[in-house]
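Here is how the chains run, residue by residue.
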Amino acid sequence: MFTSEVYTNRRKALKGLINSGIAVFMGNVDSPMNYSGNTLHFRQDSSFLYFFGLDMPGLTGVIDFNDGKDYIFGDDIDIEDIIWMGPQPSMKENAAQVGVENVLPVKELTGFLQKALQSGRKLHYLPMYRGETKILFESFSGIRIADQPDKISVELIKAVVSLRNIKDKFEIEEIEKAAAIGHLMHVTSMKMAKPGVLEREIAGAIEGIALAHGAMTSFPVILSQNGETLHNHDHSQYLQKGRLMVTDAGAETMMHYASDFTRTIPVGGKFSQKQKEIYQIVLNANNEATKAIAPGVTYQSVHLLAAKVIATGLKEIGLMQGDVDEAVKAGAHAMFFPHGLGHMLGLDVHDMENLGENYVGYDEEVSRIQQFGTAYLRLGRRLQPGFVLTNEPGIYFIPALIDLWKKENKFNEFINYNKVEEYIGFGGIRLEDNILVTETGCRMIGQRIPVTVEEVEKTMEA
Ligand code: GLY
Ligand code: MN
Ligand code: MN
């Protein structure tokens, strides 16, 4: 946990943005896996963590914007809990660690909220993503689950996003720690990727590293020889020499800050000439994007720059043709690069995605481009110092997409389908780094994971 001032200051900053009403931050509860006593690993809600810091189930944080008071509703544990879990601090002691003096039992929350609603006060709350939370919130506030989405506070969303989007030095230190764990996970993955190894042996080993060094992985590990499937969680194949293997994985620190890296390696340790050519295009796109990241630049323009680097490289080896600018404008590159260049990173791997991607990654000035491919760009807005984001271009040969577009004669002027068909079975390549926007430009978070052809091959040799 950070010091109590960090949480007090965050709530103070929020109070500076909203003048009236009551904000309710629902913490998460334990969630059963297959019977109620066998729960999933507990993960606290990230906005609750940001403002109230306590990493335990069953709590609700409340901020009264009119009188400036903060509350935590939570119950002290009883003797039964002590028998199973050992001695625990009181709720009063817990709350003091995050600078909150007003601690009330959960049973008082309903009366507290009902009283506020009856006196006509505005209840500010964020979108909820777990069934348990929606049910509990209905019981506390009387707002039926079906009606909850209509009454979400956009004012609160915008205020929370404006604070959480800018990472302070304590948060950056945490993300650096997550990056160090991620580095170890990826180097291990590279070293383990020998022909005959089962994908899940590597997936399991790197998940174990995340658990041993922090809280957990920041999302379920993506690791596959079939890297053309963007988020492939099937780890059932034996690695074959000469195939490419994509590993997209990151860690959460004990304080739940995330890292999110992707590397692509040749099984057996040596890239073929064909693989090197595509790999180098993706690496160029990644490097050019990093060079362009600076305050005042829109990430939408950096995404389009990466798309141009990809289209230029694919044209050079005969997979694309025609005018590159026109091809990117039309969206032809998206057959190879069908996703966005990146997203915000913080307490969530896709930071604050539950609050609404458009509030986090876009604003009044920059709105989402609806074209296939670029429509998946989660972050488009003008960059500011303190943003932490991912840079993750890729090139994929997705048989179903190639077939479909070819049949539709889509972008015949920009795509050389005959040549593209020679790459069916190639797989996919993605290279993902984590970047901090600074006052003058940007810097990489953590020591860069081996990324050049030479670095990767050397790492795999050892
Ligand atoms: N790990 C999912 C992503 O890279 O966005
Ligand atoms: Mn990733
Ligand atoms: Mn990512």
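Rules used in this analysis
- For every chain, the first residue of its written sequence is number 1, and the numbers climb from 1 along that sequence.
- For this description, chains carry letters from A and ligands carry numbers from 1, given in the order in which they are written.
- At least 70 in pLDDT is required for a residue's local features to be given in this predicted model, at least 80 for side-chain atom pairs to be given and counted, and no such filter applies to totals for whole chains, interfaces and linings, which use all residues.
- Computation of side-chain values: all heavy atoms of the structure, hydrogens and water removed.
- Here, any two strands with at least 2 DSSP bridges between them count as paired.
- Numbering of helices and strands starts at the N terminus; helices are DSSP runs of H or I of at least 4 residues and strands are runs of E of at least 2.
- Orientation is described by axes fitted as lines to C-alpha atoms, over the contacting stretch for helices, and by angles from 0 to 180 degrees between their N-to-C directions.
- The contact criterion used throughout is that any non-hydrogen atoms of two residues lie within 4.5 Å.
- Joining through side-chain atoms within 4.5 Å is the link that ties buried Ala, Val, Leu, Ile, Met, Phe, Trp, Tyr and Cys residues into a set, and such a set is a nonpolar core.
- For the exposure calls, accessible area comes from a 1.4 Å probe over protein chains only, and a residue counts as buried if that area is under 20% of its type's maximum, exposed if over 50%, partly exposed in between.
- Here the expected length of a helix is defined as 1.5 Å per residue gap, with one fewer gap than residues.
- Distances define the donors: N, O and S atoms within 2.8 Å of the metal qualify, as do those within 3.2 Å of Na, K or Ca. Water is excluded, so some sites may look unfinished.
- Sites are called tetrahedral only when four donors show all angles between 85 and 135 degrees, square planar or octahedral only when four or six donors show opposite pairs over 155 degrees and all other angles between 65 and 115, and irregular in any remaining case.
- Within the patch definition used here, like charges are joined within 9 Å and nonpolar side chains (Val, Leu, Ile, Met, Phe, Trp, Tyr) within 5 Å, considering only residues with over 30% relative accessible area and no salt bridge.
- The protein chains shown are the only cover counted for residues, whose accessible areas, like all others here, come from Shrake-Rupley with a 1.4 Å probe.
- Salt bridges are identified by distance alone: a Lys or Arg side-chain nitrogen within 4 Å of an Asp or Glu carboxyl oxygen.
- A cutoff of 4 Å decides nearness: a residue is near a molecule or strand if any of its heavy atoms lies inside that distance of it.
- Any pair of nitrogen or oxygen atoms within 3.5 Å is treated as a polar contact; in protein, a donor-acceptor pairing is required on top of that, and neighbouring residues in sequence qualify only through side-chain atoms on both sides.
- Residues are sorted three ways: Asp, Glu, Lys and Arg are charged, Ala, Val, Leu, Ile, Met, Phe, Trp, Tyr, Cys and Pro are nonpolar, and all the rest, Gly among them, are polar.

A. Looking closely at the sheet that holds strand β4 (residues 60-64). Reading across the sheet, the five strands line up as β6-β5-β4-β1-β7 and stay open at both edges, with mixed pairing between neighbours. Single-partner strands in this sheet number two, and they are β6 (102-104) and β7 (123-125). Shown here is a sheet whose adjacent strand axes are inclined to one another by a mean of 25°, direction ignored. Relative to β6, strand β5 (residues 70-73) runs parallel, the two sharing three bridges. When the sheet's bridge partners are listed, I72 is paired in β6 with V103. Sheet strands in contact with helix α6 (residues 131-141) are β1 (22-26), β4 and β7, and its direction is about 145° off that of β1.

B. Spotlight on the nonpolar core. With 124 residues, the main nonpolar core has L14, F25, I278, F336, F397 and I415 as its most contacted residues. Counting residues per element, this core draws most heavily on helix α11 (residues 299-316), at eight residues.

C. Inspection of helix α10 (residues 273-292) at higher detail. Look at α10: 29 Å from first C-alpha to last across 20 residues, which is about the 28 Å you get at 1.5 Å a residue. Within α10, the full set of buried residues consists of Q275, I278, Y279, I281, V282, L283, A285, N286, A289 and T290.

D. Inspection of the coordination of the manganese ion (ligand 3) at higher detail. Listed as protein donors to the manganese ion (ligand 3) are D260 (OD), H343 (NE2), E392 (OE) and E432 (OE); their distances from the metal cover 2.1 to 2.2 Å. Coordination at the manganese ion (ligand 3) is irregular, judged from the six donor atoms that bind it and the angles of 50 to 158° they form at the metal. Donor residues for the manganese ion (ligand 3) sit on one chain with the sequence pattern D-x82-H-x48-E-x39-E. Separating the manganese ion (ligand 3) and the manganese ion (ligand 2) is a distance of 3.2 Å, and D260 donates to both of them. Taken together, the residues span a long stretch of sequence, with E392 in the loop between β13 (388-391) and β14 (394-396) and E432 in the loop between β15 (428-430) and β16 (433-437) at a distance of 40 residues.

E. Representation of a nonpolar patch on the surface. A cluster of nonpolar residues, I79, I82, I83, W84 and M85, forms a patch on the protein surface that exposes about 630 Å² of accessible area. Tracing the backbone shows M85 in helix α3 (residues 79-85).

F. Geometry of the coordination of the manganese ion (ligand 2). D248 (OD), D248 (OD), D260 (OD) and E432 (OE) make up the full set of protein donors to the manganese ion (ligand 2), lying at 2.0 to 2.7 Å. With six donor atoms in place around the manganese ion (ligand 2) and angles of 53 to 168° between them, the coordination shape is irregular. In primary sequence terms, the donor set of the manganese ion (ligand 2) follows D-x11-D-x171-E.

G. Geometry of the site of ligand 1. Around ligand 1 lies a shell formed by F219, H231, D248, D260, H343, H350, E392 and E432. Within the contact set of ligand 1, an oxygen atom lies 3.1 Å away from a side-chain nitrogen or oxygen of H343. When the free accessible area of ligand 1 is taken as 190 Å², the share hidden by the protein chains comes to 95%. Broken down by class, the residue content of the shell around ligand 1 amounts to one nonpolar, three polar and four charged.

Keep in mind these values describe shape, not function.
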